[in-house]
Amino acid sequence: MMYKVLVVDDDVAVLNFLCTMIPWNTFGYTMPHRSTNAEEALEHCHKELPDLIVTDIGMPGMNGIELIKSIKKINQHQPRFVILSCHDEFSYAKQAVQIGVQDYILKESLDIPDIIDLLSKLKIKMDEEKQHLDEFQKLNIQAHQNKSILKEKWINDVLSAPVSKSYLWKEQLGKFGLSRHHPFFIPAVACIHRTSDAFIRYEDEHTLKFIIENAVEELLLEIPDLLFFSYTSYQFFLLYNCENTLKINPREYISNRCKEIQYKLMKLLKLPVSILVGDLENDYPGIKQQLHLLLQDTEKMFYYSEPQIIKMKNLEDYHFHKEDLLNHYVEFSEQINRVILEGNIDVEDALNPFIQFIIDKKYAPNKVKQFVNKLVLDIMLKLKINQQYANEKIQRQLIQISNIGELQKWLIHFIEEAVRTMEDISKQSKKIEIINAQKYVLLNLDQKITLDEVANHLHLNPSYFSRLYKKETNENFIEYVTRMKMEKAKELLNHSEKTIDSISQLLGYDNKSYFVKLFKQHFGVVPSKFV
């Protein structure tokens, strides 16, 4: 362990002697920072507090005693002090002893071996102090972790255990720091407003959970009636113990405390949080029920663009749209697939109609995420990019998304990546004509598509194009067109209410019987029996 040193003396000769003639590094100290006056030294200490300060006592302006007193106000961590004094400065030295300075060097006898001996003894003392401090901190951390585990277990038990196991619940709260028991409780749940940004900033979910817990627990040290309970890496509970009197409105009080927590988490950790506040309860079953309702109602914050402090009762009339969002799958998947295939469209602008549709209708967040998950998996399958995007990773990221703006940002990023992947596939193909032909087909599945038409689009001889396609893909071009149309027919049958007649027409077939025949050849059953 190397200790940082600051040497302060208005006598430049003494300063140079101490800084250059003492082998600081050999005895566990870094090369000292030097100052010729106390004001400059104090400024340095505000920026970087040393472990050891060697200072002259009698200096013009601020003297050494005043410097030591000022430094002691900077931080809880107190450096060791050594004073430089002359024989005629005994009164100063006496003051130094009174403020906790026990080591001194007489200027009249600046002897290197004596100074080295003093530094060696100081290092032993500082090493011992550091060891004791480390052990004390370890014990504190262990105690804090044990308490955190018990609190987390308590909140999970409340959510999952039967009401009959409610005995001694107030006694348990006392062990968590509830100094007195008022008759009422108000629970609240807090959720990180932009979880994706938080996980990027803090890299690890456990780290994020630990940082939030420590920050909030520290904020609550001066609020004895408000308890913190960690729940997930992006959610935590608060429980306020209160009285219901005219003197203090407990609902407003807890709302104001939540605003303070929200403000300080944003200021200190750059973590925006929304907090949903419950109402007064005086028994265990009521608290249990409210905690469940609070968790359910956090989904209703999905459509808030900014972090909020919301009272649960204000969400009672808030309801999600009942229609099945998957009824619109074909419409929006076609729009997004066109964006990926064409590759020259602004992704955000192209996605805006879908996002606005979701916002206007207000579908349940889990339904929206299921829709997006299916959309993304279908894109991955079509582009064969499973290696780049693991299904489990996609699902985990979607689960963690907390609001529609965050979902929009995530989806834009995914589709932009898909566009780049499509471009890379095109660049890697030996025959760009094949890629362009397939793009043309996918963009025109609602039309009759002939080999001559596509060859003309590519400015190629039809016979040459036919041979080229067969050679590069081991499939006839018309077989590819039919296969894509049948896959589209399957999608329409699965995710729309369209009739077989309308699907046949939508895919460019005037003859329904011919369409049914092709479908049966491709899937082994007629469309009416396809499940």
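The structure under discussion appears in the preceding block.
Residues numbered from 1 in each chain as written. Predicted model: local features only at pLDDT ≥ 70, side-chain atom pairs only at ≥ 80, totals over all residues. Heavy atoms only, no water.

Overview of the overall build of the chain
Right, so step 1: When helices and strands are counted, the chain shows 21 helices and 10 strands.
Right, so step 2: Here the C-alpha radius of gyration of the chain, 36 Å, is well above what a compact globule of 531 residues would show, namely 24 Å.
Right, so step 3: Principal axes of the C-alpha set define a box for the chain whose edges measure 115 × 65 × 35 Å.
Right, so step 4: Residues classed as buried in the chain amount to 45% of the 531 residues present.
Right, so step 5: By sequence separation, contacts in the chain at least 24 residues apart represent 69% of the contacts at least 6 residues apart.
Right, so step 6: When the accessible area of the chain is evaluated, it comes to approximately 28,800 Å², of which 51% is carbon and sulfur surface.
Right, so step 7: Averaged over its 65 positive side-chain charges, the chain has a centre that lies 7 Å from the centre of its 73 negative ones. (Helix = DSSP H or I, 4+ residues; strand = E, 2+ residues; numbered from the N terminus. Rg over C-alpha atoms; globule rule 2.2 N^0.38 Å. Buried < 20%, exposed > 50% of the residue type's maximum accessible area, 1.4 Å probe, protein only. Contact = heavy atoms within 4.5 Å. Areas by Shrake-Rupley, 256 points an atom, 1.4 Å probe, with all protein chains shown as cover. Lys, Arg positive; Asp, Glu negative; His and termini not counted. Charge placed at Lys NZ, Arg CZ, Asp CG, Glu CD.)

Thoughts on helix 18 (residues 462–473)
Right, so step 1: For helix 18, which comprises 12 residues, the first-to-last C-alpha distance of 16 Å matches the rise-based estimate of 16 Å (1.5 Å per residue) to within 8%.
Right, so step 2: Every buried residue of helix 18 is listed here: Phe465, Leu468 and Tyr469. For helix 18, the angular spread of the buried residues around the axis is 100 degrees, confining them to a single face. Along helix 18, the residues that are exposed and aim more than 90 degrees away from the buried face are Arg467 and Lys471.
Right, so step 3: Lining the buried residues of helix 18 we find helix 16 (432–443), helix 17 (451–457) and helix 19 (477–495).
Right, so step 4: If you check the start of helix 18, you find a side-chain oxygen 2.8 Å away from the backbone N of serine 463, and it comes from asparagine 461.
Right, so step 5: Just downstream of helix 18 lies asparagine 474, where phi reads positive at about 60 degrees. (Expected span 1.5 Å × (residues − 1). Arc of directions from axis to C-beta. Polar contact = N/O pair within 3.5 Å; in protein donor to acceptor, adjacent residues only side chain to side chain.)

Focus: the sheet that holds strand 4 (residues 80–85)
Right, so step 1: Spatially, five strands are ordered 2-1-3-4-5 in an open sheet, and the strand pairing comes out parallel. Of all the strands in the sheet, just strand 2 (33–35) and strand 5 (103–106) have a single pairing partner and so form its edges. Taking the axes of each pair of neighbouring strands and ignoring which way they run, one obtains an average angle of 15 degrees across the sheet.
Right, so step 2: Across four bridges, strand 1 (residues 5–8) lies against strand 3 (residues 52–56) in parallel orientation. (Pairing = 2+ DSSP bridges. Axes fitted to C-alpha atoms, helices over the stretch in contact; angles between N-to-C directions.)

What about the packing of aromatic side chains?
Right, so step 1: The full count for this structure, using the stated rule, is 26 aromatic pairs.
Right, so step 2: For the pair tryptophan 154 and phenylalanine 229, a centre-to-centre distance of 5.1 Å together with 25 degrees between the ring planes defines the contact as stacked. Residue tryptophan 154 is located in helix 5 (residues 112–160), and its partner phenylalanine 229 is located in strand 7 (residues 226–232); the two are separated by 75 residues in the primary sequence. The same class applies to tryptophan 154 and to phenylalanine 229, which are both buried.
Right, so step 3: Consider the rings of tyrosine 231 and phenylalanine 237, whose centres lie 5.3 Å apart with planes at 65 degrees: the pair is edge-to-face.
Right, so step 4: We classify phenylalanine 237 as buried; its relative accessible area is 1%.
Right, so step 5: Here the aromatic residues Tyr329, Phe332, Phe354, Phe357, Tyr363 and Phe371 are joined through ring pairs into a cluster of three or more.
Right, so step 6: Sitting above the plane of the tyrosine 253 ring, arginine 257 keeps its charged end 4.5 Å from the centroid.
Right, so step 7: Over the aromatic face of tyrosine 329 sits the side chain of lysine 374, whose NZ or CZ is 4.9 Å from the ring centroid. (Phe/Tyr/Trp six-rings, centres within 6.5 Å; stacked < 30°, edge-to-face > 60°. Lys NZ or Arg CZ within 6 Å of the ring centre and 35° of its normal.)

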